Amino acid sequence: MVSLVLILVASLFFTGIVIRTKSLASGRKGSGIFQPMKDIFKQFRKGSVYSSTTSFIFQIAPSFYFASVLMAILAIPLGKYPGLISFQGDFVLFAYLLAFGKFFMIISALDTGSSFEGMGASRESLFSMLVEPAFFIVMGSFALLTGETSFHEIFSTLHYGSNISYLLGGLATFVFIMIAMIENSRMPIDDPKTHLELTMVHEAMILDNSGFDLGLILHTTNMKFAMYGAIISNFFIGDLASMYTIPIFFAVQIGFAITVGLIESFMACFRMGHNPQFIFILTSVSLLIFFGVLLLLERFV
Amino acid sequence: MKTLIELFNLTAIATIVALPFLKVKGKGIVTLIAICLQVALVSIISIKVFSGTPIDYSYLGSYITGAIPVRVDYLSSWFILTISFTFLTGAVYGLHYMKRYIDQSANISLHASAYILTFTSLINLCIVQNGLVFLVIWEIMALSSFIIIIFEHYKKETLKAGINFLIQSHVSILFLTLAFMWVKIKTGTFDFSGITTYTSTEPALIGVGLFILFFLGFAIKAGFVPFHTWLPLAHPAAPAHISGVMSGVIIKIGIFGILRVLLLLKTNFVPIGYFILILSVITGVYGVMLAIIQHNLKKLLAYHSIENIGIIGIGIGLGCLGLGYNNQLLIVLGFSGALLHTLNHSLFKSLLFYSSGNVYQLTHTLDIESLGGLIKKMPKTAIFFLIGSLAICGLPPFNGFISEFLIYLGLFKSLSSVDFSLTVLMMFAILGLVLIGGLALICFTKAFSIVFLGESRHISMDKVENEKPASTLSFYAIVMLIMAIGVVPMLFLKVLALPVGQFAANISIDTAFEYSEIASTASMVGIYSAVFILLVVFVFLIRKMVTKNRPVSIANTWGCGYNGSSKKMQYTASSFIRTYRKLASSFLDIDKHKKEAKGIFPKVVHQETHPYDKIERWLIDKPIYNLRQLLSRFTFLQNGNVQSYILYGFIFIALVILVPEIIEKIKFLINFLNQL
């Protein structure tokens, strides 16, 4: 319950911080950190335009997407406080729920019959397929390290004893930041700023959405960011008391947001054709984590 | 009980005898009634088995076969129920599907008889425990399913695919015959219990060898890579309800066979587990990798059957490792995952095939590239296809997730409990399963959206009729079961505890405790799924409430300033998977013809891709080609001259008579020389 509330709170200002960081880095003053939320509320108040090509799939997909991410957040713990629902193997369900939302976004993009959105959908489906192994290997490695199989149990028993385990935590943080960047279609993979179809992935998929639906999709992106931030913060919280965990949680979220802003300010978008290779690198980094865990447990024969 | 089983078989025989004498319209209805009756009978049997004790009786048999034991245990009952349900929905759907062919009266009689015969033989395969009788029924099953596949035998490809199926089925029978003969020679009995007595006295290597022989036979039927090549040919050739039944349950008899042999064997299960697990991961990934590049809807679904056989195999492999290492948890998770996925796959795959049948009936094509926008003409079929797609991708809250979840849990649990090589193997299997899931997502977003969404790509929508309500009649029952497994999995797991317990009891391990733990985890997943459904509905209702008074306008799809018809500019199936195709090109075998635009006023350009199976090319086509090359050296013998054929006959007869004579003479000569 704690984590759900905290993530929802963090999702309100996360993108704002990213945008603010970017403006400061480029020498501008920038808008307030709640500006993205204000924009989303503006979308909620607007009417919609639907394409004559679309069917009901296009109208239900944003709600499904939103619900799936919200549901996935329910499984995320905060230190020693479990998520609303916690059981063995809940991270499998977590990953598959996100995939459920993605499925609907992809088919809704193809529902418009637009070539831009088809392009975005094609890339999104491929990238999300490629990124999935990294998530599972990292979670598998931590399951191996702790001997547990649920988010809450893994994170609450995760304690860093030796130096190598800190390295593992650092690597896992890197992997999760990159997963979050790919899942949210941010800079090195995708450029949300430009509306040039050659560089777009996620943005291209929602070209035809408007009004309430667009607001839902935008806020879902915020929630996804905060959700990954919560997972990353869990790497560092362990089983501390709540007076430490909540500040750490927000510190990690803000740090994560600033990192995203800095990455977006100082990195160029990759060439689209090289993205699959880059995403594969994530899988190999997560394999490093796996072998690190094996080393830690002295399992090498 | 005995009378019920006999009544079951008698119903089949009586219906088959009666069918030719009926009018065309009556044939379908009588078949449906007969199948209903049969399903009712075997359901009573299975439910009795599940609630009470297993059935075990024996026929006297003949001198050749020996006694014919009939045993209905929990494993048989699980498969009987799975098979019966799909055959029932298949018959209901088939009744609608066959209306189009009503003028082919004789053909329909044959088809209906073969349908009943296939069903009857499948059920009998589950309960008979005599090797020779098993083989005979297996042969009946193979022949009758050949007949139901080639319903449209006047089409050349159909017949070709059918014959391919027939030959590969017989290769499978060959392996099985060898395996049963091995046991018969060593123990002198065809009874299945001979396998147990034989392998318990011999070293483990013999048991593993015997298993591999059985596995080869059953794997061809089930479609494990590299024995899968008949599947993608046979499915598109058969009528839709047959494809559904074939992919849903006929290939599962191979899985049943593997499980049955595992129950009977007494050997070292560790190497078997490794073998099945590795082969299954390859099967799963390879199946879905090829599925993505298919542009024929049914062929795509056929490759997905291979993928799902892989997932079932991963479960079985996991269970075997559990047996080998005496790990209760793995036995429970592996076998219950495999058995549940067998049921799940039969549900969503038959749903998908029946839906594709509706697409075919209204558009007369299965080529994904020429379809599009069908959701407006057939909304119900589209929704059912969507549910099937979500379920086959293993997404919650549908049934596919539950079985994949059990297998995932087994893989993650065994990461930490055993030795190094097993940990690495488990990671490999997890990677495989994750890739299967991700690739399936690409494949089904492609299949669903290109066929049903957007606008039609080649076919004129005016010519497409609206769907008939009768065409989706049987879908409701399937979807209900799909949802039930997704939301209340513990009910099904409770039943599954019995067949899974059989495997554990075989090595005298009690799995009750682990099982209850798993069941409670699964019920958590079910609750989570139910909450998810409620949340989705809730969000959607809120959206509806908020947007009720908002202005809504309809316009063209945003085209970056271009406002004309964008039909031809839509993404197609090939363009959707283009990046994937390039990434995976080294595993694929795609024949591509391209004519590019040249000059200032380019003429018509076109591009064709024909996906082919690399394994089929190297394992089937190349050897056959080489064999034909070799045999073609002897074509001079076949010169069309009747005189020379008569001469061959004479030469043959002369050889038959002379050769023994000559041998006698030579022997005599040698003896004579020896005596000198």
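Quantities reported herein were computed from a predicted structural model and do not represent experimental measurements.

Overview of the overall build of chain A
Part 1 of the argument: The number of helices and strands found in chain A is eleven helices and one strand.
Part 2 of the argument: Seen in sequence order, chain A has helices and strands lined up from the N terminus as α-α-β-α-α-α-α-α-α-α-α-α.
Part 3 of the argument: Relative to its 301 residues, chain A shows a buried fraction of 59%.
Part 4 of the argument: The long-range share in chain A, meaning contacts at least 24 apart out of those at least 6 apart in sequence, stands at 76%.

Focus: the overall build of chain B
Part 1 of the argument: The number of helices and strands found in chain B is 24 helices and five strands.
Part 2 of the argument: With respect to the three principal axes, the spread of C-alpha positions in chain B is 115 × 70 × 60 Å.
Part 3 of the argument: Burial analysis of chain B (676 residues in total) assigns 52% to the buried set.
Part 4 of the argument: A separation threshold of at least 6 residues defines the contact pool for chain B, and within that pool the share at least 24 residues apart is 79%.

Thoughts on the packing of helix H3 (residues 74-97) of chain B against helix H11 (residues 252-264) of chain B
All names here are of chain B.
Part 1 of the argument: Interhelical geometry of H3 versus H11 gives an angle of 175° and a closest axis separation of 11 Å. Here H3 lies roughly antiparallel to H11, going by the angle between them. Along the contact surface, H3 presents Leu75, Phe79 and Thr82, while H11 presents Lys252, Phe256, Leu259, Arg260 and Leu263.
Part 2 of the argument: Taken together, the residues of the contact of H3 with H11 break down into five nonpolar, one polar and two charged.

With respect to helix H1 (residues 2-25) of chain A
Part 1 of the argument: An ideal rise of 1.5 Å per residue puts 34 Å on 24 residues; H1(A) measures up with 33 Å between its terminal C-alpha atoms.
Part 2 of the argument: Positioned one or two residues after H1(A), Gly27(A) has a phi angle of 85°, which is positive.

Points about the environment of Ile33(B)
Residue and element names in this part refer to chain B.
Part 1 of the argument: The residue Ile33 is located in helix H2 (residues 24-51) in this model.
Part 2 of the argument: Given 14 C-beta atoms within 10 Å, Ile33 falls into the partly exposed group.
Part 3 of the argument: C-alpha separation for the pair Ile33 and Thr15, spaced 18 residues apart in sequence, amounts to 9.6 Å.

What about the pairing of strand S1 (residues 55-62) of chain B?
All names here are of chain B.
Part 1 of the argument: Where S1 lies against strand S2 (residues 66-72), six bridges are found, and the strand directions are antiparallel. Of the residues in S2, the one forming a bridge with Ser62 is Gly66.
Part 2 of the argument: Hairpin connection from S1 to S2: three residues lie between these consecutive antiparallel strands.

Focus: the packing of helix H2 (residues 35-45) of chain A against helix H9 (residues 211-237) of chain A
Packed helices, taken two at a time, are described by their axes: the angle between them and the distance between them.
All names here are of chain A.
Part 1 of the argument: Taken N-terminus to C-terminus, the directions of H2 and H9 make an angle of 150°; their axes are 6 Å apart at the nearest point. As the angle between them shows, H2 and H9 are arranged roughly antiparallel. Where H2 crosses over H9, the handedness of that crossing is left-handed. Between H2, through Ile40, Gln43 and Phe44, and H9, the contact on the second element is made entirely by Gly211, Phe212, Leu214, Gly215, Leu218 and His219.
Part 2 of the argument: Of the residues contributing to the contact of H2 with H9, the split by class is five nonpolar, four polar and no charged.

Quick word on the nonpolar core
One broad trend across soluble globular proteins is that nonpolar side chains are buried collectively.
Part 1 of the argument: If you look at the biggest cluster of nonpolar residues, it comprises 319 residues, and the most contacted ones within it are Phe103(A), Ile179(A), Met227(A), Ala234(B), Cys443(B), Val451(B) and Ile482(B).
Part 2 of the argument: At 21 residues, helix H17 (residues 420-452) of chain B tops the list of elements feeding residues into this core.
Part 3 of the argument: Among all residues touching Cys443(B), those that are not within four sequence positions of it are Val288(B), Ala291(B), Ile292(B) and Leu300(B).

Structural notes on the domain arrangement of chain B
A common way to state how big an interface is: give the accessible area lost once the parts meet.
Part 1 of the argument: Domain annotation of chain B identifies domain 1 (268-547 + 567-581) and domain 2 (635-675).
Part 2 of the argument: Using C-alpha coordinates to define each centre, domain 1 of chain B is positioned 62 Å away from domain 2 of chain B.

Side note on the interface of chain B and chain A
Part 1 of the argument: Between chain B and chain A, the contact holds 65 residues from the first and 65 residues from the second.
Part 2 of the argument: With 15 residues, H17(B) is the largest single contributor of residues to the side of chain B that touches chain A.
Part 3 of the argument: Here the residues of the side of chain B that touches chain A sort into 42 nonpolar, 18 polar and five charged.
Part 4 of the argument: Relative to strand S3 (residues 552-555) of chain B, strand S1 (residues 48-51) of chain A runs parallel, the two being bridged by four bridges. Counted as the bridge partner of Tyr50(A) is Ile554(B) from S3(B).

Some points on unusual backbone geometry
Residue and element names in this part refer to chain B.
Part 1 of the argument: Between Val225 and Pro226 the backbone carries a cis peptide bond, its omega angle lying at 5°.
Part 2 of the argument: Here Pro226 shows up in the loop between helix H8 (204-222) and helix H9 (231-237).
Part 3 of the argument: The step from Pro396 to Pro397 runs through a cis peptide bond, and the omega angle for that step is 5°.
Part 4 of the argument: Within the secondary structure layout, Pro397 lies in the loop between helix H15 (379-392) and helix H16 (399-415).
Part 5 of the argument: A positive phi angle is found at Asn326, which is not glycine, with a value near 55°.
Part 6 of the argument: With respect to the helices and strands, the residue Asn326 is situated in the loop between helix H13 (297-325) and helix H14 (328-363).
Part 7 of the argument: A tally of 13 C-beta atoms within 10 Å means that Asn326 is categorised as partly exposed.

Digging into the environment of Val525(B)
Part 1 of the argument: With respect to the helices and strands, Val525(B) occurs in helix H20 (residues 512-546).
Part 2 of the argument: In this structure, Val525(B) is in contact with Leu93(A), Ile402(B), Phe405(B) and Pro489(B), ignoring residues within four places of it in sequence.

Here's the deal with helix H5 (residues 131-149) of chain B
Residues and elements named next belong to chain B.
Part 1 of the argument: Compared with an ideal rise of 1.5 Å per residue, which puts 19 residues at 27 Å, H5 spans 26 Å between its outermost C-alpha atoms and is within 8% of the ideal.
Part 2 of the argument: Every buried residue of H5 is accounted for by Gly131, Leu132, Val133, Phe134, Ile137, Trp138, Met141, Ala142, Ser144, Ser145, Ile148 and Ile149.
Part 3 of the argument: Next to the buried residues of H5 lie S2, helix H4 (105-127), helix H6 (156-187), H9 and helix H10 (240-250).

Some words on the environment of Thr149(A)
Part 1 of the argument: One can find Thr149(A) in the loop between helix H5 (115-146) and helix H6 (151-157).
Part 2 of the argument: For the pair Thr149(A) and Gln253(A), spaced 104 residues apart in sequence, the C-alpha separation works out to 25 Å.

Details of the confidence of the model for chain B
Part 1 of the argument: Summary statistics for chain B give a mean pLDDT of 90 and a share of 99% for residues scoring 70 or more.
Part 2 of the argument: Reported confidences for the modelled complex are a pTM of 0.93 and an ipTM of 0.94.

Reading the values: rules and limits
Residues numbered from 1 in each chain as written. Chains lettered and ligands numbered in written order. Predicted model: local features only at pLDDT ≥ 70, side-chain atom pairs only at ≥ 80, totals over all residues. Helix = DSSP H or I, 4+ residues; strand = E, 2+ residues; numbered from the N terminus. Buried ≥ 20, exposed ≤ 12 C-beta atoms within 10 Å, placed from the backbone. Contact = placed C-beta atoms within 7 Å. Axes fitted to C-alpha atoms, helices over the stretch in contact; angles between N-to-C directions. Parallel < 35°, antiparallel > 145°, perpendicular 65-115°, else oblique. Nonpolar A, V, L, I, M, F, W, Y, C, P; charged D, E, K, R; others polar. Expected span 1.5 Å × (residues − 1). Pairing = 2+ DSSP bridges. Left-handed = near helix turned anticlockwise from the far one by under 90°. Core = buried A, V, L, I, M, F, W, Y, C linked by C-beta atoms within 7 Å. Domains from an automatic or database assignment. pLDDT = per-residue confidence, 0-100.

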